[in-house]
Amino acid sequence: MKLSKTDERRSAIVDRLADHVLAHGLVAASLRPLAKAAGTSDRMLLYYFSDKSELLAATLQRIAERMTGAMVEQVSPEPLPIEALQKRLAAMLFDDRFWPYMCVWIELASRAARRDPLYTPIAAAIGQGFLAWGEAQLAAENEEVRTRDAAKLLVAIEGMVLVRAIGLGETVERSLS
């Protein structure tokens, strides 16, 4: 299906906004800096998006899509046991190329923890997406075990991200050995 010119322009804007947020974080996600990053005005941003919530949701979803796409390239084409998948994900997510994604995720989770009405539903949707992705990657004896292991995987990885973010990367490395 071919996109309309408006949809193409909107997609290009979202790509530039995703680049900007990955480089500068959510702290730089007010309309004027976002418009500058997109090479347009804040009024034009609101032409393509109904409001800031829609704009940020699209931007954060694009970041999540990019990260998930990169994760797919790095993991085995065959389902893995939880321990093996956890080690692969940890090695990948803590790589310098992926760390900007983790930093944005930490900011998003922090704002959701404060029950920010803008970020809470976005964070929940992205978290559910990662949970579903984990389920699809896991080898398990049945669906119940796969669902449980996907939850364990998400919780373990999130904990590792937070521990590394506070400067205790060596602790994460020890936990994986």
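So, how was this worked out
The numbers attached to residues start from 1 for each chain and follow its sequence in the written order. Totals for whole chains, interfaces and linings use every residue, but because this is a predicted model, local features are given only for residues with pLDDT of at least 70 and side-chain atom pairs only at 80 or more, for both listing and counting. Computation of side-chain values: all heavy atoms of the structure, hydrogens and water removed. To form a nonpolar core, buried Ala, Val, Leu, Ile, Met, Phe, Trp, Tyr and Cys residues must be joined to one another through side-chain atoms within 4.5 Å. Remark: exposure states derive from per-residue accessible area (1.4 Å probe, protein chains only) relative to the maximum for the residue type, with buried under 20%, exposed over 50%, and partly exposed in between. Here a helix means four or more residues in a row that DSSP labels H or I, a strand means two or more in a row labelled E, and each is numbered from the N terminus. Contacts are assigned to residue pairs that have any heavy atoms within 4.5 Å of one another. Any carboxyl oxygen of Asp or Glu within 4 Å of a side-chain nitrogen of Lys or Arg constitutes a salt bridge here. Along the chain, pLDDT gives the predictor's confidence residue by residue, from 0 to 100. Axes here mean lines fitted to C-alpha atoms, for a helix over just the part in contact, with angles spanning 0 to 180 degrees between N-to-C directions. Convention used here: angles under 35 degrees read as roughly parallel, angles over 145 as roughly antiparallel, angles from 65 to 115 as roughly perpendicular, and any remaining angle as oblique. By convention, the crossing between two helices is left-handed when the near helix turns anticlockwise from the far helix through less than a right angle, and right-handed when the turn is clockwise. Under the scheme applied here, ten amino acids are nonpolar (Ala, Val, Leu, Ile, Met, Phe, Trp, Tyr, Cys and Pro), four are charged (Asp, Glu, Lys and Arg), and all others, including Gly, are polar.

**Some points on the nonpolar core**
Next up, step 1: Core analysis: the biggest nonpolar cluster contains 55 residues, and Leu60, Leu89, Leu93 and Leu108 have the highest contact counts within it.
Next up, step 2: Considering every element that reaches this core, the biggest residue donor is helix α4 (residues 52–74), with eight residues.
Next up, step 3: Beyond its immediate sequence surroundings of up to four residues, Leu108 is in contact with Leu26, Leu60, Tyr119, Ile122, Ala123 and Ile126.

**A few points about the pattern of salt bridges**
Any two side chains of opposite charge can pair, so long as their charged atoms come close to each other.
Next up, step 1: Applying the stated criterion across every chain, the model contains ten salt bridges.
Next up, step 2: Here Arg62 ties to Glu65 by a salt bridge, and the two come within 3.6 Å at their closest N and O atoms. Of the two residues, Arg62 and Glu65 are both situated in helix α4; the distance of three residues between them amounts to about one turn of the helix.
Next up, step 3: A relative accessible area of 18% means that Arg62 is categorised as buried.
Next up, step 4: Among the residues examined, Glu65 registers a relative accessible area of 44% and is labelled partly exposed.
Next up, step 5: A single network of salt bridges, built from pairs that share partners, joins Asp15, Asp19, Arg62, Glu65 and Arg66.

**Brief notes about the confidence of the model for the protein chain**
Next up, step 1: When pLDDT is averaged along the protein chain, the result is 92; 99% of the residues meet or exceed 70.
Next up, step 2: When the elements of the protein chain are averaged for pLDDT, α4 gives the smallest value, 89, and helix α8 (residues 143–165) the largest, 96.

**Some words on the packing of helix α5 (residues 82–93) against α8**
Next up, step 1: Look at α5 against α8: their axes get within 10 Å of each other, and the N-to-C directions meet at 30°. In terms of their interaxial angle, α5 and α8 are classed as roughly parallel. α5 and α8 meet at a crossing whose hand is right-handed. For the pair formed by α5 and α8, the contact residues are Ile82, Leu85, Gln86, Leu89, Ala90 and Leu93 on the first element and Asp149, Lys152, Leu153, Ala156, Ile157 and Met160 on the second.
Next up, step 2: For the contact of α5 with α8, the class distribution of residues is nine nonpolar, one polar and two charged.

**Considerations on the packing of helix α1 (residues 5–24) against helix α2 (residues 31–38)**
Next up, step 1: At a minimum axis separation of 8 Å, α1 and α2 run at an interaxial angle of 120°. Note on packing geometry: the crossing formed by α1 with α2 is right-handed. On the side of α1, the interface is formed by Ile13, Arg16, Leu17, His20 and Val21, while α2 contributes Pro33, Leu34, Ala37 and Ala38.
Next up, step 2: Residues that form the contact of α1 with α2 fall into these classes: seven nonpolar, one polar and one charged.

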